[in-house]
Amino acid sequence: MRQDGTRPPVTAVTSVAVPQQPGRVMSPRDSLLLQARHEVLHFDVPPYLSVDNGTQLRQLAEGVVYRTVYGQRAVEYPGAMVRIDQCLEAGEKARVTARLPMKMMIVDRERAVLSAPADVALRPGASVVIANGPLLDGLIELFERVWAESVPLDPAGAAVGAQEGELNPEETRLLALLLSGLTDDAVARHLGIARRTVVRRARSLMDRAGVATRMQLGWHAASRGWIEAPG
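Residues numbered from 1 in each chain as written. Predicted model: local features only at pLDDT ≥ 70, side-chain atom pairs only at ≥ 80, totals over all residues. Heavy atoms only, no water.

### What about the packing of helix H8 (residues 184-191) against helix H9 (residues 195-209)?
Thought 1: Two elements in contact, H8 and H9, have axes whose closest approach is 8 Å; the angle formed by their N-to-C orientations is 105°. Taken together, H8 and H9 sit at an angle that is classed as roughly perpendicular. Every residue of H9 that contacts H8 at Asp-184, Asp-185, Val-187 and Ala-188 is listed here: Arg-195, Val-198 and Val-199.
Thought 2: Grouping the amino acids of the contact of H8 with H9 by side-chain chemistry returns 4 nonpolar, no polar and 3 charged. (Axes fitted to C-alpha atoms, helices over the stretch in contact; angles between N-to-C directions. Helix = DSSP H or I, 4+ residues; strand = E, 2+ residues; numbered from the N terminus. Parallel < 35°, antiparallel > 145°, perpendicular 65-115°, else oblique. Contact = heavy atoms within 4.5 Å. Nonpolar A, V, L, I, M, F, W, Y, C, P; charged D, E, K, R; others polar.)

Here is the structure:
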């Protein structure tokens, strides 16, 4: 914001001026990410140019707060749960939802980078960076609304049921994945178990909760503290 109280005009660029490593051309997303000092808000959804999360892990260790909403396709991506678990263990705050409206990263609430989804006829990795202004404010508000409506997927949420002696961490992870909208097949792949085992364990949770549907199970799980309630 300017000294006279007005905001600068919205600016969209396709690159960010940061030092580049010799012989390497960085994407706008990676360039912007390196500038993070306090907080990163992230909508995580494929496609990916790289699945290397080294920068995120280093920044988490340095105290940068990451809040990530993973879309269903991100969680179903090959090897995704290993990468997600690494970030969770490093301190990432994460939630999961069935569908995200876009691929987005907001750094320090000062700039955002939007990347083209797979079904848009642009070159791979095409993206735009949004600077301070009304558009950025709207993107931050969008993130907060989606975050509030998504299912927590983190150790803190997993510990709630375990502390009460009702659910163990594996059951809590299963519950979070089921409530995120993932198919039973996708849940089975991520947990390394058979689909029929997923169905049987889900039925067991429903019987324990005294409910007839998975929608009722979600309400019961939040009210009993089996998972952290969205919001």
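### Some remarks on the environment of His-220
Thought 1: Residue placement: His-220 occurs in helix H10 (residues 214-224).
Thought 2: Overall, the relative accessible area of 11% leaves His-220 in the buried class.
Thought 3: Counting along the chain gives 11 residues from His-220 to Ala-209, while the straight-line C-alpha distance between them is 6.7 Å.
Thought 4: The contacts of His-220, once residues within four sequence positions are left out, are Ala-209, Val-211 and Trp-226. (Buried < 20%, exposed > 50% of the residue type's maximum accessible area, 1.4 Å probe, protein only.)

### Some details on H8
Thought 1: Buried within H8 are the following residues: Asp-184, Ala-186, Val-187, Ala-188 and His-190.
Thought 2: Looking at the packing, one finds that the buried side of H8 touches helix H3 (72-76), helix H4 (80-90), helix H7 (169-179), H9 and H10.
Thought 3: Just past H8, the residue Gly-192 takes up positive phi, approximately 70°.

### Focus: the packing of aromatic side chains
Here the distance between the centres and the angle between the planes together describe a pair of aromatic rings.
Thought 1: For the structure shown, the criterion picks out 2 aromatic pairs.
Thought 2: Seen from their ring centres, Phe-143 and Trp-147 are 6.0 Å apart, and the 25° between their planes marks the pair as stacked. Residue Phe-143 and its partner Trp-147 are both found in helix H5 (residues 134-149); the two are separated by 4 residues, about one turn of the helix.
Thought 3: Of the residues examined, Phe-143 reaches a relative accessible area of 0% and is grouped as buried. (Phe/Tyr/Trp six-rings, centres within 6.5 Å; stacked < 30°, edge-to-face > 60°.)

### A word on helix H2 (residues 54-61)
Thought 1: Within the span of H2, buried status applies to Gly-54, Gln-56, Gln-59 and Leu-60.
Thought 2: Of the surrounding secondary structure, the elements contacted by the buried residues of H2 are helix H1 (28-33), strand E3 (65-71) and H4.
Thought 3: Gly-63, located one to two residues past H2, shows a positive phi value of around 105°.

### Topic: the packing of H7 against H9
Relative placement of two packed helices is described by the angle separating their axes and the distance separating the axes.
Thought 1: Look at H7 against H9: their axes get within 11 Å of each other, and the N-to-C directions meet at 95°. Classified by the interaxial angle, the pair formed by H7 and H9 is roughly perpendicular. The residues of H9 that touch H7, namely those facing Glu-171, Leu-174, Leu-175 and Leu-178, are Val-198, Arg-201, Ala-202, Leu-205 and Arg-208.
Thought 2: Here the residues of the contact of H7 with H9 sort into 6 nonpolar, no polar and 3 charged.

### Observations concerning the environment of Ala-209
Thought 1: On the secondary structure map, Ala-209 appears in helix H9.
Thought 2: The buried category is assigned to Ala-209, whose relative accessible area is 12%.
Thought 3: With sequence-adjacent residues up to four places away left out, Ala-209 is seen in contact with Leu-217, His-220 and Trp-226.

### Considering the nonpolar core
Thought 1: Among the nonpolar cores identified, the biggest contains 33 residues, and Tyr-70, Val-75, Ile-84, Leu-175, Leu-217 and Trp-226 are the most heavily contacted of them.
Thought 2: For this core, the secondary structure elements donating two or more residues are H3, H4, strand E4 (93-97), H7, H8, H9 and H10.
Thought 3: Once you skip the residues sitting within four places of it in the chain, Ile-84 turns out to touch Tyr-70, Val-75, Glu-92 and Leu-153.
Thought 4: By size, the runner-up hydrophobic cluster in this structure holds 15 residues, among which are Phe-43, Leu-100, Met-104 and Phe-143. (Core = buried A, V, L, I, M, F, W, Y, C linked by side-chain atoms within 4.5 Å.)

### Topic: the confidence of the model for the protein
Thought 1: When pLDDT is averaged along the protein, the result is 80; 77% of the residues meet or exceed 70.
Thought 2: At the low end of the mean pLDDT range in the protein sits strand E1 (residues 12-13), at 44; at the high end sits strand E2 (residues 39-44), at 96.
Thought 3: In this model residues 10-23 is a low-confidence stretch, pLDDT under 50, and it forms 28 contacts with partners more than four residues away in sequence or in other chains.
Thought 4: Across residues 156-163 the pLDDT falls below 50, and counting only partners more than four positions away or on other chains, this stretch makes 12 contacts in the model. (pLDDT = per-residue confidence, 0-100.)

### Considering unusual backbone geometry
Thought 1: A cis amide bond links Pro-46 to the next residue, Pro-47, at an omega of 5°.
Thought 2: In this structure, Pro-47 sits in the loop between E2 and H2.
Thought 3: With a phi close to 55°, Asp-108 is a non-glycine residue in the positive phi region.
Thought 4: Structurally, the position occupied by Asp-108 is in the loop between strand E5 (103-107) and strand E6 (111-115).

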